[in-house]
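# Architecture and fold: a report
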Amino acid sequence: MPLQLGLVGLPNVGKSTLFNALTSAGAEVANYPFTTIAPNVGVAVVEDPRLRRIAAIVGPERVVPATFQVVDVAGLVEGASRGEGLGNQFLSHVRTVDAIAMVVRCFRDEHVPHVTPYLDPVEDIDTIQLELVLADLAVLERHLERVQSQAKARPRDYEAEVASIERVLAGLRAGQLVRQMALDEHERGYLAEVPLLTTKPTLYVANVDEEQLPDGGEMAAAVRARAEAEGAAVVVLSAQTESELLAWEPDEARAYLAALGLESPALERFVWASYRLLSYITFFTTTGGKEVRAWTLPRGETALQAAAAIHSDMARGFIRAEVVSYEDLDRAGSIAKAREAGKLRLEGRDYVVQDGDVIHIRFAV
């Protein structure tokens, strides 16, 4: 299943504009609520300068960057957890993603109405989070009923699980997000199969006017403060500007961004912030000079799991992994010279893959 990031927010905050900029998918964008009903799904490319350098060293016929899926979920409104604005349907789309990017409106535009008479990004965050909490309450209460029914025959076996669920429910009723609760490994295990929304890692995206770049102004500062209080990350960008710059020549676009005080496109910063949010790393493969490819892998996974990410046959017939770090390859200038310098090493199936590893899997089936 590909990695999925869900764009969530109130209507008319710029989610679909950001989605189009990330994926070039051409989703409909309009200044009225519920333009998006069915979720738009597209693919975002991870721009990685290490991939370009490896390609320059190897000289392959094809270069394939890492990607992940972006899901543009329809705008949520107050009452979504009760079905307002097709909210139940939209919340079900959020349940399928691995992490949430909450897009918060920090721009003023009289031609794009907001769902409230005034613009307050922190209050908008509260509105979305409350609906996620209420939706989790409903799901977890139903789950508790099922567990209690199972516990009637063997109450002692389910005592700890029931107590844990009741504690989480108490936190939700107090407005606390599950991801902020101090749960131990056993308590998290009891919730592992429950599709809760407030367990998902969340990145805040302050969508500002171009004139407010690079810092974003007072409203973006309020979003930063909220994110800091939650221990969450935040990216400030102008989705409209990023979308328009896609039609420019890359050098011209970077020069324009530099004039705005930005060292790199916000889309690149957004992608890497999403990567860090999900604790993913990148490893690279080269295929006989024909292809250089970047792959994503959860941090802490092994060479065998990396092989499985490439192809199930590689995992099934795994023999060993030939590994060189990106830094060593960069300094050596070629795979052959890295081998001569003793920087290419053989690793077994339990080797924990490091970010930037260039790996060749030996296998036989």
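What counts and what doesn't
Residues numbered from 1 in each chain as written. Predicted model: local features only at pLDDT ≥ 70, side-chain atom pairs only at ≥ 80, totals over all residues. Heavy atoms only, no water. Helix = DSSP H or I, 4+ residues; strand = E, 2+ residues; numbered from the N terminus. Contact = heavy atoms within 4.5 Å. Phe/Tyr/Trp six-rings, centres within 6.5 Å; stacked < 30°, edge-to-face > 60°. Salt bridge = Lys/Arg side-chain N within 4 Å of Asp/Glu carboxyl O. Axes fitted to C-alpha atoms, helices over the stretch in contact; angles between N-to-C directions. Parallel < 35°, antiparallel > 145°, perpendicular 65-115°, else oblique. Nonpolar A, V, L, I, M, F, W, Y, C, P; charged D, E, K, R; others polar. Polar contact = N/O pair within 3.5 Å; in protein donor to acceptor, adjacent residues only side chain to side chain. Core = buried A, V, L, I, M, F, W, Y, C linked by side-chain atoms within 4.5 Å. Buried < 20%, exposed > 50% of the residue type's maximum accessible area, 1.4 Å probe, protein only. pLDDT = per-residue confidence, 0-100.

Secondary-structure assignment places Val 13 in the loop between β1 (4-8) and α1 (15-23). Spatially, the C-alpha atom of Val 13 lies 33 Å from that of His 143, the residues being 130 residues apart in sequence. Contact partners of Val 13, with chain neighbours within four places excluded, come to Val 103, Arg 105, Phe 107 and Asn 207.

A full pass over the atoms with the stated rule returns 4 aromatic pairs. Cluster of aromatic residues (ring-pair linked, three or more members): Trp 272, Tyr 275 and Tyr 280.

What follows deals with the pattern of salt bridges. Evaluated as defined, the whole model comprises 19 salt bridges. The partner of Asp 126 in a salt bridge is Arg 226, with the nearest N and O atoms 2.8 Å apart. Taken together, the residues span a long stretch of sequence, with Asp 126 in helix α4 (residues 121-151) and Arg 226 in helix α7 (residues 217-230) at a distance of 100 residues. We note a salt bridge from Asp 313 to Arg 316, for which the minimum N-O separation is 2.8 Å. Of this pair, Asp 313 and Arg 316 both sit in helix α12 (residues 312-316), separated by 3 residues, roughly a single helical turn. Each member of the salt-bridge network shares a partner with another, and the members are Asp 126, Arg 179, Arg 226 and Glu 230.

Across the interface, α1 lies against helix α10 (residues 266-277) with an axial gap of 10 Å and an inter-helix angle of 90°. By the criterion of interaxial angle, the relationship of α1 to α10 is roughly perpendicular. Contacts between α1 and α10 pair Leu 18, Ala 21 and Leu 22 from the former with Leu 267, Phe 270 and Val 271 from the latter. Tallied by class, the residues present in the contact of α1 with α10 amount to 6 nonpolar, no polar and no charged.

Looking at the element boundaries, Glu 230 is found in helix α7. Within the structure, the side chain of Glu 230 is placed 3.1 Å from the side chain of Gln 129, a separation counted as a polar contact. The residues contacting Glu 230, other than those within four sequence positions of it, are Gln 129, Leu 177, Arg 179, Gln 180 and Tyr 204.

Grouped together as the largest cluster of nonpolar side chains are 71 residues, with contacts concentrated most on Leu 7, Leu 18, Phe 68, Val 205, Leu 237 and Phe 270. Here the element with the most residues in this core is strand β5 (residues 99-106); it accounts for 7 residues. Residues in contact with Leu 7, not counting those within four places in the same chain, are Lys 15, Leu 18, Phe 19, Val 70, Val 71, Asp 72, Val 73, Ala 101, Val 103 and Phe 270. Counting residues in hydrophobic clusters, the runner-up holds 20 residues, among them Leu 137, Val 139, Val 178 and Leu 191.

This part takes up the confidence of the model for the chain. Do not read the predicted coordinates in detail wherever pLDDT is low. Across the chain, the average pLDDT comes to 89, with 92% of residues at or above 70. Ranking the elements of the chain by mean pLDDT puts helix α3 (residues 87-95) last, at 68, and strand β10 (residues 318-324) first, at 98. Contacts from residues 25-37, a stretch scored under 50 in pLDDT, to residues over four places away or in other chains number 35 contacts. In this model residues 83-87 is a low-confidence stretch, pLDDT under 50, and it forms 9 contacts with partners more than four residues away in sequence or in other chains.

Before going further, it helps to spend a moment on unusual backbone geometry. With omega at 5°, the peptide bond leading from Leu 213 into Pro 214 counts as cis. Positionally, Pro 214 belongs in the loop between β6 (202-208) and α7. If you check the backbone angles, Asn 12 has positive phi at about 65° while not being a glycine. With respect to the element layout, Asn 12 can be found in the loop between β1 and α1. Look at Ser 279: it is not a glycine, yet its phi comes out positive at around 55°. Position of Ser 279 among the secondary structure elements: in the loop between α10 and β8 (280-287).

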